[in-house]
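So the chains spell out like this:
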Amino acid sequence: MSAPTLRGPVRVAVRQHRRVLWAGTALLVLTAAILLYQRYLATSAVSDFAGTGCSVQVTTAGCGDTVRGFFDAQYAFHQWLGNTGALLFALPVVVGAFVAGPVIGRELESGTYKLAWTQSVSPARWLAAKLTAPVVWTVVGGTALVILYRASRFQGPEGVYSVYWYDRLGFAGLGPLPVAYGLLGIALGALAGLLVRRTVLAMSATALALGGAMLAMITWLRPYLWPIETVTGDGRLPDLAWTLQDGVILASGERMTREECMATGWSSSPCQTLQEGGRHFTDYHPASHFWPLQLMETGIVLAVAAVVVLAAFRVLRRSHA
């Protein structure tokens, strides 16, 4: 006889949390609709502005309201790009807290999991079923929103507000990172729920752990996931380069960063005069490093998520052997 499938337990889990899943889906759809609408307004504003004879660089009599309306449309679109990037950044934390609390922690805290385990559902199958719906929702919803975000960023109107590929919020939304962090959030939520067994505490622990991991990656690790390039002397940076550090190279070959120069004082430091054997340097990532950085970070996050999931099943097996 073939092993029973997860269909039954998954269906129960979906029915239990259908309101939250529908609410999350509605939020994603609403965000997408507003972003598309703002993109339409911004594109129309560019087209209409081109035929007015007005310019944003040169002040022309009678064009004040026209230029102001153009700026307003572009700014609103730029703001919604930022809001969507922020949502993609926060989505993993919300999903992880949801899994840690209502999906896992509440059932263990109330003891309702025992009913499922008496219906020929093993603990491992129970946990797998609980995680299936959030995983599917995260992969499908996150992927759809990332595709829309990329299309809006790169195929939207050429506006007057710059949006850079290395922006902390925008970087994640341009690739698979939101989905990867969402899966890590689910894994951490499951582990926290199994360890803490209290709804609110498990949600808090998950949010802190995932938020800390994301902050550490963005602040300290992301710039070094791919070899950094350096330009010295009068060399020019390529367009859209992500500048990481700059300073001077002393006659001895040592480097002194701008922060070190400011700390020691320009008047007393070798930074004061570059002609005394010093050369300027800049460490940077060119725009071509976007995908290597994005894929390296995605791979690391997915690997950590896989380890955390294995740890969650191991904790479940040891606790209820």
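These numbers come from a predicted model, not from an experiment. Within each chain, residue numbers correspond to sequence positions counted from 1 in written order. Restriction of local features to residues with pLDDT of at least 70 applies here, the model being predicted, together with a cutoff of 80 or more for giving and counting side-chain atom pairs; totals for whole chains, interfaces and linings are based on all residues. In computing side-chain properties, one takes all heavy atoms of the structure into account and sets aside hydrogens as well as water.

**As for the pattern of salt bridges**
Each reported salt bridge corresponds to a side-chain nitrogen of Lys or Arg within 4 Å of a carboxyl oxygen of Asp or Glu. Evaluation of the coordinates by the stated rule reveals three salt bridges. With its nearest N and O atoms 2.7 Å apart, the salt bridge here joins Asp 65 to Arg 68. One end of the pair is Asp 65 and the other is Arg 68, both in helix H3 (residues 64-110) and three residues apart, which spans about a single turn. Relative accessible area decides the class of each residue, using a 1.4 Å probe on protein chains only: under 20% of the type maximum gives buried, over 50% gives exposed, and in between gives partly exposed. You can call Arg 68 partly exposed: its relative accessible area is 48%. In this structure, Glu 297 and Arg 222 form a salt bridge, with 2.7 Å as the shortest nitrogen-oxygen distance. Separated by 75 residues along the polypeptide, Glu 297 in helix H10 (residues 290-319) and Arg 222 in the loop between helix H8 (199-221) and strand E1 (229-232) bring together distant segments of the chain. Note on conventions: DSSP H or I runs of at least 4 residues are helices, E runs of at least 2 residues are strands, and numbering of each starts at the N terminus.

**Regarding the pairing of strand E2 (residues 242-249)**
As a general feature of sheets, a regular strand has side chains that alternate between the two faces. Only when DSSP finds a minimum of two bridges between them are two strands counted as paired. Where E2 and strand E4 (residues 279-285) come together, seven bridges link them in antiparallel fashion. In the sheet register, Val 248 faces E4, and the bridge partner there is His 280. Here three bridges tie E2 to strand E3 (residues 255-257), and the two strands are oriented antiparallel to one another. Counted as the bridge partner of Gly 247 is Thr 257 from E3.

**Some details on the sheet that holds E2**
Strands sit in the order E1-E4-E2-E3 across an open sheet of four strands; the sheet is antiparallel. Lying at the two open borders of the sheet, with one neighbouring strand each, are E1 and E3. Averaged over all pairs of adjacent strands, the angle between strand axes in this sheet comes to 35 degrees, irrespective of strand direction. Structural elements are reduced to axes, namely lines fitted to C-alpha atoms, with helices fitted over the stretch in contact, and the angle between N-to-C directions of any two is expressed from 0 to 180 degrees.

**As for H3**
Given a rise of 1.5 Å per residue, 47 residues ought to cover 69 Å, and the 64 Å separating the end C-alpha atoms of H3 matches this to within 8%. Its maximal kink placed at Ile 104, H3 deviates by approximately 35 degrees. Take the number of residues in a helix, subtract one, and multiply by 1.5 Å to get its expected span. Bend is computed residue by residue as the angle between axes fitted to the seven residues ending at the residue and the seven residues starting at it.

**A look at the confidence of the model for the protein chain**
Values of pLDDT, ranging from 0 to 100, describe the predictor's confidence in every residue of the model. This prediction gives the protein chain a mean pLDDT of 82; 86% of its residues lie at or above 70. Considering each helix and strand of the protein chain separately, the mean pLDDT is smallest for helix H4 (residues 113-117), with a value of 64, and largest for H10, with 93.

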